[in-house]
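This is what each chain is made of:
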Amino acid sequence: MWQGLTLGQYWPGHSFLHRLDPRTKILAVGLLIVALFGTRSLTGYGLVALLLFWSTFLARLPIAKLWRGLRPILILVLVTALINIFTLPGEVWTRMGPLTITREGVEMAILLSLRLVLLVWATTLMTLTTAPLQLTDGLETLFAFLKKVRVPVHEMALMMAIALRFIPTLFEEADRIQKAQMSRGADFESGSLPQRVKALLPLLVPLFVSSFRRAEELALAMEARAYTGGKGRTRYRRLRWTVRDTLSLALVLLVGAGAFALKAVGF
Amino acid sequence: MSLQLEEVFFRYEDQGPWVLEGISLEIPRGSTLGIAGGTGSGKTTLLMHLNGLLLPQKGRLLVDGEDPHDPHLSRQKRAARRRWLRRHVGLVFQYPENQLFEETVEKDIAFGPKNLGLPEAEIQARVERSMAALGLSFDLKGRSPFQLSGGQMRRVAVAGVLAMEPEVLVLDEPTAGLDPLGRQELLQLLLTWKKDHPLRTIIYVSHRMDEMALLAERLVVIHRGKIVAQGPPARLFLQEDLFRWGLEPPPTAQLLLGLKTRGLEAQVDRLDPREVALAIARARQKGAPCGKA
Ligand SMILES: Nc1ncnc2c1ncn2[C@@H]1O[C@H](COP(=O)(O)OP(=O)(O)OP(=O)(O)O)[C@@H](O)[C@H]1O
Ligand SMILES: [Mg+2]
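Residues numbered from 1 in each chain as written. Chains lettered and ligands numbered in written order. Predicted model: local features only at pLDDT ≥ 70, side-chain atom pairs only at ≥ 80, totals over all residues. Heavy atoms only, no water.

### Some details on the coordination of the magnesium ion (ligand 2)
Taken together, Thr44 of chain B (OG1) and Gln94 of chain B (OE1) make up the protein donors of the magnesium ion (ligand 2), found 1.9 to 2.2 Å from the metal. Taken as a pair, Thr44 of chain B in helix 1 (residues 43-50) and Gln94 of chain B in the loop between strand 5 (89-92) and helix 3 (96-99) lie far apart in primary sequence, 50 residues in all. (Donors = N, O, S within 2.8 Å, 3.2 Å for Na, K, Ca; no water. Helix = DSSP H or I, 4+ residues; strand = E, 2+ residues; numbered from the N terminus.)

Spelled out as structure tokens, the structure:
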């Protein structure tokens, strides 16, 4: 029951995208987000989509994986689209009872849906091709300048890494507790949907408690290996920036700039 | 209640090898069944079918002749039957830490009875009764089950299932991690439970054949997801080569087999040490060749 929920999890591989420096991928996603929010032109979005298509091809991922990452947001996309179609004022196309569909509404719906899909697509590509540890290493290095103003960047990155690492564990744990409770007469299957959701509540307390227990064990294990925080720590894995990264980032930059340019000339 | 498996197939991965491959097994009401098999032979997987935690992918499970997963039933009806099944088949998990989840020992043992909708006083009585039966001190009631020793955890896990007073008690290697005394006590407890409730069923998984000899009326050996032998334990131990399935006959059986190759044949029905000793003594009195040695 919990298996399908591990979305956007790292898919090991050696493709071009996998081998890019995590910083490149984080910056690229950041640039694309700016481009998607800063421009509202269909052609601009098309440009971004083209780039994503190509990257997906380069990443050599099973399409099913990507689809699984995108599927959960489809409902969100649909709802946003519908609200926009029916509520925006403007040039009326058709009337359906009390509802009107306007040209502006349809355009907005398409734009917003596309934006959402492209956003999630880009981030899913990143998380699928970057190991969680790499991702946090990348973030830590990118935000290292904040250490000067005493922001605990290393600790925050570590927190993120641990959180990511324990997501699958959490699902396994939920599965275990559910099996144990079902074996002793707890009922997760019958009743109406609200009833079944309510039956999940007794699952949460043990899940919480067991997470704290795990945290304690992990802290003990880290202290046993003399972990004392970020200061003075050296790295085993070093990030390496290569020409490949410079070129890739330049390309993304170009696409972003292209999107803005297209908007400026009114496409 | 009686349980029956009909040609059950199961695997964990879609294209993977079958973990259960055509298991057919009848477990009449009131019987004591032992299940043995090497590591990874599919015992735990089989047990999870018996209380509906896993569904057969081919074949079916019959509970008193009815299939709780029958696709012709409505969803609600199926859910009701499965709930009924889980409340009457009590499964003690192989690893107690997988079974325990509440904050305190008391709450954990009370979880099952609570789901049965029993009154508070009855729940309390059952908690204390099953703790006492397993030799758990009441001081432990307020402790977290995860702050217990492995053996204590095991006892709490068994107590939690016993408190439901299941009609079928299923135990997955319940003596693993217990000291010899604890092992003896648990086996005695099961024997007493069985004697007090002759119509209830025990299904017992273990690697230790001496426990099987003591407890099981019938022993089923599974190997790579198939049943390869079944019958009364004493007969299997003396007639089959258990080693090829990764099992070892109990010392008493090995002794009898050894004596037999030297020409001393002792007749026994049960393989507990006392009875075997008597049988050997009887055989020697008849003037067997062993006496000359
Ligand atoms: N959750 C699971 N996912 C995938 N494969 C599994 C899972 N659980 C068990 N298996 C596989 O199924 C097979 C049978 O496992 P099972 O736990 O039933 O064996 P077992 O007879 O209980 O062994 P043991 O004596 O070690 O407890 C093993 O090959 C195991 O690797
Ligand atoms: Mg097992």
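Picking up after the structure, the text goes on.
### Some points on the packing of aromatic side chains
Given two aromatic rings, one states the distance between the centres and the angle between the planes to describe the pair. All told, the structure shown has six aromatic pairs over all chains when counted by the stated rule. Between Phe208 of chain A and Phe212 of chain A, the aromatic rings sit 5.5 Å apart at their centres with planes inclined by 70°, giving edge-to-face as the arrangement. Taken together, the positions of Phe208 of chain A and Phe212 of chain A, both in helix 9 (residues 201-224) and four residues apart, correspond to about one turn of that helix. According to the relative accessible area criterion, Phe208 of chain A is exposed, its value standing at 57%. Phe212 of chain A sits in the exposed class, given a relative accessible area of 54%. Look at Phe9 of chain B and Trp18 of chain B: their rings are 5.2 Å apart centre to centre, the planes differ by 75°, and that puts the pair in the edge-to-face class. Look at Phe9 of chain B and you get buried, because its relative accessible area is 16%. Taking NZ or CZ as reference, Arg213 of chain A lies 3.5 Å from the ring centre of Phe146 of chain B, over its face. One residue, Lys58 of chain B, lies across the ring of Phe9 of chain B, its end atom 4.6 Å from the ring centre. (Phe/Tyr/Trp six-rings, centres within 6.5 Å; stacked < 30°, edge-to-face > 60°. Buried < 20%, exposed > 50% of the residue type's maximum accessible area, 1.4 Å probe, protein only. Lys NZ or Arg CZ within 6 Å of the ring centre and 35° of its normal.)

### Focus on the packing of helix 6 (residues 150-162) of chain B against helix 7 (residues 180-196) of chain B
Residue and element names in this part refer to chain B. Contact geometry for helix 6 and helix 7: axes closest at 13 Å, N-to-C directions at 10°. It follows from the interaxial angle that helix 6 and helix 7 lie roughly parallel. Residues Arg155, Val158 and Leu162 of helix 6 lie in contact with helix 7, whose contacting residues are Gly182, Glu185, Leu186, Leu189 and Trp193. (Axes fitted to C-alpha atoms, helices over the stretch in contact; angles between N-to-C directions. Parallel < 35°, antiparallel > 145°, perpendicular 65-115°, else oblique. Contact = heavy atoms within 4.5 Å.)

### A short note on the pairing of strand 3 (residues 32-36) of chain B
Residue and element names in this part refer to chain B. With five of five residues buried, strand 3 is to be regarded as a mostly interior element. Residues Thr32, Gly34 and Ala36 of strand 3 are buried on one face, and the alternating residues Leu33 and Ile35, pointing to the opposite face, are buried as well. Sheet topology places strand 3 next to strand 8 (residues 218-223); four bridges connect them, and they run parallel. Bridge pairing links Ile35 to Val220 in strand 8. (Pairing = 2+ DSSP bridges.)

### A short note on a nonpolar patch on the surface
Residue and element names in this part refer to chain A. A surface patch of nonpolar side chains, about 470 Å² in accessible area, is lined by Trp54, Phe57, Leu251 and Leu254. Among the secondary structure elements, those contributing two or more residues to the nonpolar patch are helix 3 (42-59) and helix 10 (243-264). With respect to the secondary-structure elements, Leu254 resides in helix 10. Taking relative accessible area as the criterion, Leu254 reaches 60% and is therefore assigned exposed. (Patch = residues over 30% accessible without salt bridge, like charges linked within 9 Å, V, L, I, M, F, W, Y side chains within 5 Å. Areas by Shrake-Rupley, 256 points an atom, 1.4 Å probe, with all protein chains shown as cover. Salt bridge = Lys/Arg side-chain N within 4 Å of Asp/Glu carboxyl O.)

### Some remarks on the layout of surface pockets
All names here are of chain A. Put simply, the largest pocket is a space of about 1,300 Å³. Forming the walls of the largest pocket are 46 residues, and the residues nearest its centre are Leu133, Thr136, Ala157, Ala161 and Ile162. Counting only elements with at least two residues in the lining of the largest pocket, the list comes to helix 5 (103-129), helix 6 (132-142), helix 7 (153-183) and helix 9. Broken down by element, the residue count for the lining of the largest pocket peaks at 11 residues, all from helix 7. Grouping the constituent residues of the lining of the largest pocket by class yields 23 nonpolar, 12 polar and 11 charged. (1 Å grid on protein atoms, 1.4 Å probe; cavity = no way out; pocket = protein on both sides within 12 Å on 5 of 7 lines; lining within 4 Å. Points joined across faces, edges and corners; volume = space filled by probe spheres on them. Nonpolar A, V, L, I, M, F, W, Y, C, P; charged D, E, K, R; others polar.)

### Digging into the site of ligand 1
Residue and element names in this part refer to chain B. Every one of the 14 residues lining ligand 1 counts as a neighbour, but Gly40, Lys43, Thr44, Thr45 and Gln94 are closest to it. At 2.9 Å from an oxygen atom of ligand 1 is found a main-chain nitrogen or oxygen belonging to Gly42. The separation between an oxygen atom of ligand 1 and a polar side-chain atom of Thr44 is 2.6 Å. In the complex, the protein chains occlude 61% of the 630 Å² of accessible area that ligand 1 would expose alone. Residues of the shell around ligand 1, tallied by class, amount to two nonpolar, nine polar and three charged. (Near = heavy atom within 4 Å. Polar contact = N/O pair within 3.5 Å; in protein donor to acceptor, adjacent residues only side chain to side chain.)

### Regarding the pattern of salt bridges
All names here are of chain B. Taken as a whole and assessed by the stated rule, the structure comprises 22 salt bridges over all chains. Across the pair Arg60 and Glu6 runs a salt bridge, and its minimum N-O distance is 2.9 Å. With Arg60 in strand 4 (residues 58-63) and Glu6 in strand 1 (residues 3-10), this pair connects stretches of sequence that are 54 residues apart. Exposure remark for Arg60: the relative accessible area of 37% places this residue in the partly exposed category. With relative accessibility at 27%, the residue Glu6 sits in the partly exposed group. Across the salt bridge formed by Asp210 and Arg208, the nearest N and O atoms sit 3.0 Å from each other. On the accessibility criterion, Asp210 (33% relative accessible area) is partly exposed. Three or more residues are tied together by salt bridges with common partners; here these are Glu122, Arg126, Arg129 and Glu165.

### Quick notes on helix 5 (residues 120-133) of chain B
All names here are of chain B. Taking 1.5 Å of rise per residue, 14 residues should cover 20 Å, and helix 5 covers 20 Å from first to last C-alpha, within 8% of that figure. Within the sequence span of helix 5, burial applies to Ile123, Arg126, Val127, Ser130 and Met131. Looking down the long axis of helix 5, one finds its buried residues gathered within 125° of arc, a one-sided arrangement. Positive backbone phi, approximately 65°, marks Gly135, located one or two places after helix 5. (Expected span 1.5 Å × (residues − 1). Arc of directions from axis to C-beta.)

### Concerning the sheet that holds strand 7 (residues 201-205) of chain B
Residue and element names in this part refer to chain B. One open sheet holds the six strands; their spatial order is 5-6-7-3-8-9, and the pairing between them is mixed. Two strands lie at the open edges of the sheet, namely strand 5 and strand 9 (226-231), each paired on one side alone. Neighbour-to-neighbour, the strand axes of this sheet turn through a mean angle of 15°, independent of strand direction. Across four bridges, strand 5 lies against strand 6 (residues 168-172) in parallel orientation. Bridge pairing in strand 6 links Val92 to Leu171. Across the face of the sheet, helix 2 (residues 75-88) comes into contact with strand 5 and strand 6 while running at roughly 60° to strand 5.

### What to know about the interface of chain B and chain A
In this assembly, 27 residues from chain B lie in contact with 19 residues from chain A. The interface formed by chain B and chain A contains two salt bridges. The salt bridge partner of Asp187 of chain A is Arg83 of chain B, with a shortest N-O separation of 2.6 Å. Applying the counting criterion to the chain B and chain A interface returns nine residue pairs in polar contact (both at pLDDT 80 or more). Of all the secondary structure elements, the ones that give two or more residues to the side of chain B that touches chain A are helix 2, strand 5, helix 3 and helix 4 (105-115) of chain B. Among the elements that make up the side of chain B that touches chain A, the one with the highest residue count is helix 2 of chain B (seven residues). Broken down by class, the residue content of the side of chain B that touches chain A amounts to 12 nonpolar, seven polar and eight charged.

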